[in-house]
Structure formats: structure tokens, C-alpha cells
Amino acid sequence: MAEVNNPRKFDKEGLGNVLLVAVSVCLVCSIVVSSAAVMLKPQQQINQELDRKQNILRAAGMLSADSIFDSEGRGVDEIFKRFDVRAVNLETGEYTDSVDVESYDQTKASRVSATSRDLTTSEDIATLGRREHVALVYMLTTEKGALDKLVLPVRGYGLWGTLFGYLAIEGDLQTVAGLAFYTHKETPGLGGEVDNPNWKALWPGVSLFDESGSPAVRLVKTRSPGGSAAAAHEVDALSGATMTSRGVENLVRFWTSELGYGPFLSKLQAGA
Ligand SMILES: Cc1cc2nc3c(=O)[nH]c(=O)nc-3n(C[C@H](O)[C@H](O)[C@H](O)COP(=O)(O)O)c2cc1C
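The rules behind each value
Residues numbered from 1 in each chain as written. Predicted model: local features only at pLDDT ≥ 70, side-chain atom pairs only at ≥ 80, totals over all residues. Heavy atoms only, no water. Core = buried A, V, L, I, M, F, W, Y, C linked by side-chain atoms within 4.5 Å. Buried < 20%, exposed > 50% of the residue type's maximum accessible area, 1.4 Å probe, protein only. Helix = DSSP H or I, 4+ residues; strand = E, 2+ residues; numbered from the N terminus. Contact = heavy atoms within 4.5 Å. Near = heavy atom within 4 Å. Polar contact = N/O pair within 3.5 Å; in protein donor to acceptor, adjacent residues only side chain to side chain. Nonpolar A, V, L, I, M, F, W, Y, C, P; charged D, E, K, R; others polar. Phe/Tyr/Trp six-rings, centres within 6.5 Å; stacked < 30°, edge-to-face > 60°. Lys NZ or Arg CZ within 6 Å of the ring centre and 35° of its normal.

J.: What is the right way to look at the nonpolar core in this model?
T.: Most often, soluble globular proteins have nonpolar side chains that are buried together. One finds Leu150, Trp203 and Val248 to be the most contacted residues of the largest nonpolar core, which totals 39 residues. Within the residue set of this core, elements represented by two or more residues are strand 4 (134-141), strand 5 (147-157), strand 6 (162-170), strand 7 (176-183), helix 5 (242-255) and helix 6 (262-269). If near-sequence neighbours (up to four positions away) are discounted, Leu150 is found in contact with Val137, Tyr138, Met139, Leu167, Ala168, Ile169, Leu173, Phe264, Leu265 and Leu268. Core analysis: the second largest hydrophobic core is formed by 22 residues, Leu57, Ala60, Ala87 and Ala180 among them.

J.: In this structure, what is going on with the site of the ligand? I would like to understand it.
T.: Around the ligand, the structure places Leu159, Trp160, Glu186, Thr187, Leu190, Gly191, Lys221, Gly240, Ala241, Thr242, Met243 and Thr244. In the environment of the ligand, an oxygen atom lies 2.8 Å from a nitrogen or oxygen atom belonging to the side chain of Lys221. One of the backbone N or O atoms of Ala241 is found 3.4 Å from an oxygen atom in the ligand. Counted by class, the shell around the ligand contains five nonpolar, five polar and two charged residues.

J.: I would appreciate a short explanation of unusual backbone geometry in the present structure.
T.: Keep in mind that most residues, glycine aside, have a negative phi and that most peptide bonds are trans. The phi dihedral of Thr127 is positive, around 50°, even though this residue is not glycine. Take Thr127: it is sitting in the loop between strand 2 (116-118) and strand 3 (130-132). The phi torsion at Leu173 lies on the positive side, around 60°, for a residue other than glycine.

J.: Would you explain the packing of aromatic side chains in this entry?
T.: Using the criterion set out here, one finds nine aromatic pairs in the structure. Residues Trp199 and Trp203 carry aromatic rings whose centres are separated by 5.7 Å and whose planes lie at 80° to one another, so their mutual orientation is edge-to-face. Residue classification places Trp199 among the buried positions, given a relative accessible area of 6%. Feature note: the residues Phe80, Phe83, Tyr138, Phe164, Tyr166 and Tyr182 constitute an aromatic cluster, connected by ring pairs. Sitting over the ring of Tyr95, Arg86 keeps its end group 3.8 Å from the ring centre.

Structure follows, in C-alpha cells:
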């Protein structure tokens, strides 16, 4: 029997139908992706916060690189609770309540003209462009209330981009307790060796300031004779990564200078 040609038959390959299916698939996918992004945001924030705490503890030598527990089995949150987090006005070196330490984003503040200052070419040895007015500092005190360790956020340009990390200083405010970067764009095997535990192990004990109180850290290819005044400030440069090494030297010097945490360190030194 001849097939009856029904003009109302559903044409699944027609243009309207193809478009309808494509739009529906896009809509469903976008709803799934947006819902996942919204639902996962709180967890992402928790993870970012945990990561920040881990980086601070690792810089201070209180957590090993491959563990999230210290030698006594304490977790990151528990160890971090011992730190006092304060906001500091970098211009005056005084503590400030002008920002909420829980939510303050120092990197963001450094990009906004109202919350940062421009650096001149001669000032800007770490190639930052701008320096925020307020920084967070992480302080660990002994049971008797003396300063045990101070951890400072630092950053500066290497070869391919800005290295972000933490410089931990001993309670004498002179000796490095550790330096660790949590993000950078340096080449693995060259500048990326800033993450090498063997290189990071060279930092504890390095002396930050010379007798006049000026930043004195140097990354060198050849060390000065052991026991000399210069040797106390030296760390081996990374081989094949002169530019990254210079960047690290410059950023440590910048943040320990008067334009960085210098005024705050002087206030602490004076017992204020
Ligand atoms: C693909 C590539 C990646 C590089 N990555 C880095 C780097 O991350 N950091 C750095 O300082 N130099 C880097 N360099 C630069 C070279 O290693 C350069 O030759 C080096 O600065 C010479 O330094 P040296 O005097 O330490 O041997 C890179 C070069 C190339 C070709």
C-alpha cells in the first residue's frame, strides 16, 4: 500500500528541530556547570584558605613539604591557631584595624590605587609596580609572650612572572627561618628550582641585615670564605637561572627594606 504523505509528520532533521536540540543541550550544560561552580565555591574557599595556612607553616619550617601533620600529629588548622594574624600599615609600621584580617586580599589591594602606592623605578627593585598600604603579618609567640617567629608575605618578579611566597624570620628579627614560594611561573628545572627542598634548606640561618641594618641578602655563584661577614648573608644562586636568582634576591631585599616591612621590623625591634 502506498505511504500516505502526512504534512504534519515530525521532521526530526529539520532546521528548527536541530536548533531546538542544540539550544536545549547548551542550556542544560550551562545550568550543570553554573550549579557546580556555585555549589563548589565554599569548598574552594576552604581549600584556598587551607593552602594559605600550609604555605605559611611550611615557610616557617613547622610543616614538612610532604605532610599535612606536624611531628606531634597536629593538623594544619590546629598548628595555625597558634599564629596571631595582624594587619600592618607598611608606611608607619604600626598595627592597623583599617582592614578585616579574615577577608583582606593583599594582592588585590596592591592593584588598586586607593589601597596602594606607585613605586618609582629606583624604588621598585622587585618589579612590583605598586605596593599596598597594608600587609598581613603572621606572628608566633612563645609561652612567655616573646616573639618566636614572624612570617611575612613577599612577592617579586623572576624571569617569567611574579613569584609569591612567605619569608619566615626568627624572633631575633635578623635570621631567616625559611623562604617558600607558593606560586610562580619560572621554568621547571631552572628557575623552578626555587621549589627544590635542597635549595630551600639553604635559607634557614641566613642573616637578613648588615651591621648598619640594611638588607644584605645575596644570591651568589661563589660563596665568600666561611665565617666572613659577607658569608652570613649569602645563599647559592640557582644554576642556569641567573634571572630568577636575581629576582629572589631583589624581592627579599625589597620586603626587608624601608619600603617593605622595614618600619614594622624596627618597631618590633624597639619593643613597640
Ligand atoms: C626555555 C628556557 C627557559 C628558561 N628559564 C629560566 C628561568 O626560569 N629562570 C632563569 O633565570 N633563566 C631561565 N632561562 C635563561 C637561561 O637559563 C639563561 O641562559 C641563564 O640565565 C644563564 O644563566 P647562568 O649564568 O645561571 O647559567 C631560560 C632559558 C630558556 C631557553
